[in-house]
Amino acid sequence: MPPEKLANAPDHVNVIQLTDSHLFADDEARLLGLDTYASLNAVIDSVLAEHASIDLVLATGDIAQVASESAYQRFMSSIERLATPWYWLPGNHDDAELMSRLGSEGGFSAPWVDAGNWRLVMLDSSVSGSVAGYLSEEQLLRLEQALDTTRHVLVCLHHHPVPIGVAWMDPIGLRNASALLDRLESSPAVRGVLWGHVHQEIDSQRGNIRLLATPSTCIQFAPGVTDFTTDQRQPGYRWLRLHTNGRIETGVSRLAQGSFQADRNATGY
């Protein structure tokens, strides 16, 4: 459910997470029968209706289904409707180099973002030619540098760093998750980890760290299954209130049931 509609407040930062839009350059292309560009824009309509003010937006990978500059331009034109600063990171379907170039030109690629009493770290877990993720030494160094702060920290990446109980997805998460989690658990600054990739909602706890995953803005994956299965839940997004004292208030908001429907019989994509 969306939060109570409030304007920005001095005691928290309002953040929106959009993830796994899987856009095409072609207007006619569909993902398992679903128009991903239409569903992204419907989710953005929902964000605009449900939030009086937003401090920043995070897009956590798989921006494109077939990576091309045209697909990324479509995403940029849509997200700019939110009229707020935004930042992206790549997923396994993306072209990380192209995203880095476009993001550097547009000012929406950054190693981390400081907002209020928080630092949001943007890690690239994508590996060219691989569905699973991995954090390179460069990315782990970025993390180490980012954790040298007095702010509270939210770490963002595309791939899931913990098992999620979905047999077909667990092997394609973050392959060196222990390198990430060991470092995060040794830092008192870290309050949460936020990711995409899994096309479903997760909200759990690992020690003092909140673990959060978010529905796709297009097709949804069924939780707790063995084989690839689409879910009849609707596209959505995550909202977060990052409070000055380090508390994370968050929830997921979805479109009305029946708004968009993926192929129920799909066995992969």
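Residues numbered from 1 in each chain as written. Predicted model: local features only at pLDDT ≥ 70, side-chain atom pairs only at ≥ 80, totals over all residues. Heavy atoms only, no water.

Participant: Mind showing me how you'd approach the side chain of Gln139 here?
Facilitator: Mapping Gln139 onto the fold places it in helix H4 (residues 137-146). Judged by its relative accessible area of 7%, Gln139 falls in the buried class. If near-sequence neighbours (up to four positions away) are discounted, Gln139 is found in contact with Met122, Leu123 and Asp124. (Helix = DSSP H or I, 4+ residues; strand = E, 2+ residues; numbered from the N terminus. Buried < 20%, exposed > 50% of the residue type's maximum accessible area, 1.4 Å probe, protein only. Contact = heavy atoms within 4.5 Å.)

Participant: Looking at this structure, how should I read the sheet that holds strand E1 (residues 12-18)?
Facilitator: Through backbone hydrogen bonds, the strands of a sheet pair up, either in parallel or in antiparallel fashion. If you trace the five strands from one edge of the open sheet to the other, you get E3-E2-E1-E12-E13, paired in mixed fashion. This sheet does not close on itself; its edge strands, each paired only once, are strand E3 (86-89) and strand E13 (248-254). Going from strand to strand, the sheet's axes swing by 20° on average, the running direction of each strand aside. Note that strand E12 (residues 236-243) and E13 share seven bridges and pair antiparallel. The residue of E13 that forms the bridge with Tyr237 is Ser253. Sheet contacts for helix H1 (residues 36-50): E1, E12 and E13; angle to E12, the most-contacted strand, approximately 40°. (Pairing = 2+ DSSP bridges. Axes fitted to C-alpha atoms, helices over the stretch in contact; angles between N-to-C directions.)

Participant: What is the right way to look at the pattern of salt bridges in this model?
Facilitator: Side-chain pairing between opposite charges can occur once the charged atoms of the two side chains come close. Inspection of every chain in the model, using the stated rule, returns twelve salt bridges. When the shortest N-O distance is used, the salt bridge between Arg101 and Glu105 registers 3.3 Å. Residue Arg101 and its partner Glu105 are located together in helix H3 (residues 96-106), separated by four residues, close to a single helical turn. Overall, Glu105 belongs to the exposed group, its relative accessible area being 59%. The residue Asp203 makes a salt bridge to Arg210 at a minimum N-O spacing of 2.7 Å. With relative accessibility at 18%, the residue Arg210 sits in the buried group. Among the ionic contacts, a cluster of salt bridges with common partners joins Glu69, Arg101 and Glu105. (Salt bridge = Lys/Arg side-chain N within 4 Å of Asp/Glu carboxyl O.)

Participant: What's the story with the sheet that holds strand E8 (residues 202-206) in this structure? I'm lost.
Facilitator: Taken in spatial order, the six strands line up as E4-E5-E6-E7-E9-E8 in an open sheet, and their pairing is mixed. Either end of the sheet is taken by a strand with one partner, and the two such strands are strand E4 (112-115) and E8. Averaged over all pairs of adjacent strands, the angle between their axes in this sheet comes to 20°, without regard to strand direction. In this structure, E4 lies alongside strand E5 (residues 118-122), joined through four bridges in antiparallel fashion. Following the sheet pairing, Asp114 is matched in E5 by Arg119. Along the sheet, H4 makes contact with E4, E5 and strand E6 (152-156), crossing E5 at roughly 175°.

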